[in-house]
Amino acid sequence: MSAVSSEHREFTRARRLAAEATGSALLLAAVVGSGIMGERLAGGNVAVALLANTLATGAALVALILTFGPISGAHFNPVVTLADASQGGLAWHDVPGYLVAQVSGALAGVAAANLMFGHPILFASSQARPGATHVFGEFVATFGLLTVIWGCTRLRPAAVPFAVAAFIMSAYWFTASTSFANPAVTLARSLSDTFAGIRPADVPGFVMAQMVGAATATLLFRWLVPTPGRQDRGHGDAGIATTSAGITTRLAMAADAPSIAAIYNEGIADRIATFETLPRTADQMAALLHEKGDRYPTVVVERDGRIVGWAGAGPYRDRAAYAGVVEHSVYVARAARSTGAGRAALEALCRAYAERNFWKIVSRIFPENTASLAVHERCGFRVVGVYRRHGKLEGEWRDCVIVERLLGPVSR
C-alpha cells in the first residue's frame, strides 16, 4: 500500500472551482469598485485615482491569494492556469473548469461593483486603450507577473501572495496599459464604463499579448529553474541526486533511517496512506534499507538540509515473470505537504528504477487520498482499476485504486 500521505482536509474539484470563481469575483469587485471610488474622490486628479485603485488591488490580491491559495492555487487568471497545466502543476482535465470559473467569477465581480455604485449591471466600456504601446505594455506586465509567480513558487513559495501583489501594484504605474495581465480581468473590465474599464475593441490585442507574455515567461523559467521532473537525467545515480526549487533528491543512506521512520509513522497515524497501524522504529527502517540494498533503493527528499519526504519500492511478486515490476510507496512529512516534495520523490524514484532496468512501477492508493492520486497523475501514472474491499483498516473495509507507470520499452 502506498500514498503521498496527506492532511484529512482535501478539496474536491467542485470546491476548487468555487474558490476560483469566488476569488475572481472578489478581485474584480476590488479592482472596479476601487476605480470608481477613487475617481469620485480624486476631484479629477487621475494620478490620485490610479493610486487608490493600485493600493486597493494590491491589498485584495494578498488577502485573496492567502485565503484561496491552499484550496485551488488562487490562479484567478486563465494564463496562469494554462501555464501551470503546461508544466504539470494542474491536470489538463481541470483546465476548462478553472477557465469557466475565472471568467464567470470575474463577470460577477464587475456586476457587483457596478451595482454598488449605481451603474447598470453590465455595460460596455468606452475607455480606449488602443495601439501597439498598450499591447506591448500588456506583454511586459504578463511576462513580469508569470516571472514572479514561477520564481517564487519554485524558490520562495511563502512569498507568492506578497510578490504577486507587489509586482501588479508597480506595473499599474510602469506599464502603458496599467497592467491588466489577465484575460478574464480584461474581458470583465470591458463591461464597466468606469475608470478601470477597457473598450471591447481593445480586448483582443490585450489578450493576445497576455498569452504571449505568459508563454515566454514559462519557457524562460522552464530552463532557468527546472522543476524536479524535468532534470537532465544524466547517467547512473547522477540522475537521481538532483536539486531544484530548493528541493534535493538523493538515494537514502543508513543514517536517514530515523527521519524515514518518523515520516512513515506520520503516514500511519493519518490512516489514509497505508493499512499498517503499528509505528516503525529507526532500527527497523535501517534494517529494511540494508535488506533492499542497491537493487531496491529508497529516495529521500531534502529541503534546507532536512529530510521532508521519501519514496521506496520492492518486488511486486516472487515469480520470474514479474522481475521487472516493483511496487512503491511515497510519504511526505506533514509540515512539507503541498510543497512539491511528493512529486520530487516520485519522479526521482522512477528515474532510479528505470536506471536499474525495471520496466514498470505500480501502487495501490486509498480513493480518499486525492492528493496522492493527483501527484501520481502528474508524474505520468494511470489508473488501472479499483480493488473493492481490498483490506480492513481498524475493522473497516477499504478500497484501493491501482496505478501504474511504464518506465521503459516493454520489449526490454
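Rules and cut-offs
Residues numbered from 1 in each chain as written. Predicted model: local features only at pLDDT ≥ 70, side-chain atom pairs only at ≥ 80, totals over all residues. Heavy atoms only, no water. Helix = DSSP H or I, 4+ residues; strand = E, 2+ residues; numbered from the N terminus. Buried < 20%, exposed > 50% of the residue type's maximum accessible area, 1.4 Å probe, protein only. Contact = heavy atoms within 4.5 Å. Lys, Arg positive; Asp, Glu negative; His and termini not counted. Charge placed at Lys NZ, Arg CZ, Asp CG, Glu CD. Disulfide = S-S within 2.5 Å. Salt bridge = Lys/Arg side-chain N within 4 Å of Asp/Glu carboxyl O. Patch = residues over 30% accessible without salt bridge, like charges linked within 9 Å, V, L, I, M, F, W, Y side chains within 5 Å. Areas by Shrake-Rupley, 256 points an atom, 1.4 Å probe, with all protein chains shown as cover. Axes fitted to C-alpha atoms, helices over the stretch in contact; angles between N-to-C directions. Parallel < 35°, antiparallel > 145°, perpendicular 65-115°, else oblique. Left-handed = near helix turned anticlockwise from the far one by under 90°. Nonpolar A, V, L, I, M, F, W, Y, C, P; charged D, E, K, R; others polar. Core = buried A, V, L, I, M, F, W, Y, C linked by side-chain atoms within 4.5 Å. Pairing = 2+ DSSP bridges. Phe/Tyr/Trp six-rings, centres within 6.5 Å; stacked < 30°, edge-to-face > 60°. Lys NZ or Arg CZ within 6 Å of the ring centre and 35° of its normal.

Side note on the overall build of the chain
Logical step 1: A count of helices and strands for the chain gives twelve helices and eight strands.
Logical step 2: With respect to the principal axes defined by its C-alpha atoms, the chain has extents near 80 × 45 × 40 Å.
Logical step 3: The buried share of the chain, taken over its 412 residues, is 51%.
Logical step 4: For the chain, the proportion of contacts with a sequence separation of at least 24, taken over those separated by at least 6, is 72%.
Logical step 5: In the chain, which carries 37 positive and 30 negative side-chain charges, the distance between the mean positions of the two groups comes to 3 Å.

Comments concerning the state of the cysteines
Logical step 1: The tally for this structure, following the rule as stated, stands at zero disulfides.
Logical step 2: For C350, which is in no disulfide, the shortest distance to another cysteine sulfur is to C379 and amounts to 6.7 Å.
Logical step 3: A residue is classified by how much of its surface remains accessible, and C350, at 2% relative accessible area, is buried.
Logical step 4: With no disulfide of its own, C400 lies 19 Å from the sulfur of C350, the closest cysteine sulfur.
Logical step 5: When its relative accessible area of 0% is taken as the criterion, C400 is described as buried.

Overview of the pattern of salt bridges
Logical step 1: Per the stated rule, a full pass over the model turns up 16 salt bridges.
Logical step 2: A salt bridge links R16 to D94, with the nearest nitrogen and oxygen atoms 3.2 Å apart. Of this pair, R16 sits in helix α1 (residues 13-41) while D94 sits in the loop between α3 (78-86) and α4 (95-116), and the two are 78 residues apart along the sequence.
Logical step 3: In this structure, E368 and R398 form a salt bridge, with 3.4 Å as the shortest nitrogen-oxygen distance. Remark: R398 occurs in strand β8 (residues 396-406) and E368 occurs in the loop between β6 (360-365) and α12 (370-378); sequence separation between them is 30 residues.
Logical step 4: Note on E368: relative accessible area 42%, which makes it partly exposed.
Logical step 5: Via salt bridges that share partners, R13, R16 and D94 belong to a single interconnected network.

Brief notes about a nonpolar patch on the surface
Logical step 1: A grouping of L51, L55 and W173 is seen on the molecular surface, where their side chains present a nonpolar patch of about 310 Å² in accessible area.
Logical step 2: Mapped onto the secondary structure, W173 falls in helix α6 (residues 160-174).
Logical step 3: On the basis of relative accessible area, W173 is assigned to the partly exposed category, the value being 45%.

Some thoughts on unusual backbone geometry
Logical step 1: The backbone of N357 sits at a positive phi, close to 65°, despite the residue not being glycine.
Logical step 2: Position of N357 among the secondary structure elements: in the loop between α11 (341-355) and β6.
Logical step 3: At R389, a position not held by glycine, the phi torsion is positive, near 45°.
Logical step 4: Following the sequence through the fold, R389 ends up in strand β7 (residues 382-393).
Logical step 5: The exposure class assigned to R389 is exposed, which follows from its relative accessible area of 53%.

Re the packing of α3 against helix α5 (residues 131-155)
Two quantities define a packed helix pair, namely the angle between the axes and the distance from one axis to the other.
Logical step 1: Relative orientation of the contacting elements α3 and α5 amounts to 50°, with a least axis distance of 11 Å. For the element pair α3 / α5, the angle class is oblique. Once α3 is placed against α5, the crossing between them reads as right-handed. In this structure, α3 contributes V79, V80, A83 and D84 to the contact, and α5 contributes T142, L146, I149 and W150.
Logical step 2: Of the residues in the contact of α3 with α5, the class split is six nonpolar, one polar and one charged.

As for the nonpolar core
Logical step 1: Formed by 50 residues in total, the largest nonpolar core has its most connected members in L27, L28, F76, L145, L146, V164 and I168.
Logical step 2: Mapped onto this core, the elements with two or more residues apiece are α1, α2 (46-72), α3, α4, α5, α6, α7 (183-189) and α8 (203-224).
Logical step 3: Apart from residues lying up to four places away in sequence, L27 is in contact with L61, L64 and F76.
Logical step 4: In this structure, V299, A345, L349 and V375 belong to the second largest nonpolar core, which totals 31 residues.

Overview of the pairing of strand β2 (residues 247-251)
Logical step 1: Of all the five residues making up β2, four are buried; the element is thus mostly covered by neighbouring parts of the structure.
Logical step 2: In terms of strand pairing, β2 meets strand β3 (residues 299-303) through five bridges, oriented antiparallel. What sits directly across from I247, in β3, is R303.

Looking at the environment of A108
Logical step 1: Residue placement: A108 occurs in helix α4.
Logical step 2: We classify A108 as partly exposed; its relative accessible area is 41%.
Logical step 3: Each C-alpha atom of the pair A108 and L224 lies 38 Å from the other, and the pair is 116 residues apart in sequence.

A short note on the packing of aromatic side chains
Logical step 1: One pass over the structure, following the stated rule, counts twelve aromatic pairs.
Logical step 2: With a centroid separation of 5.9 Å and an interplanar angle of 75°, the aromatic rings of F167 and F174 are classed as edge-to-face.
Logical step 3: Given a relative accessible area of 14%, F167 falls into the buried group.
Logical step 4: A relative accessible area of 47% places F174 in the partly exposed class.
Logical step 5: Ring centres of F275 and F366 lie 5.1 Å apart, and the angle between their planes is 90°; this geometry places the pair in the edge-to-face category. Of the two residues, F275 is situated in the loop between α9 (257-270) and α10 (282-292) and F366 in the loop between β6 and α12; the sequence distance between them amounts to 91 residues.
Logical step 6: F366 gets classed as buried once you look at its relative accessible area, which sits at 0%.
Logical step 7: An aromatic cluster of three or more residues is present, and its members are F136, F139 and F143.
Logical step 8: Above the ring of F180, the side-chain terminus of R189 is found at 3.6 Å from the ring centroid.
Logical step 9: R398 extends its terminal NZ or CZ atom over the ring of F366, reaching a point 4.2 Å from the ring centre.

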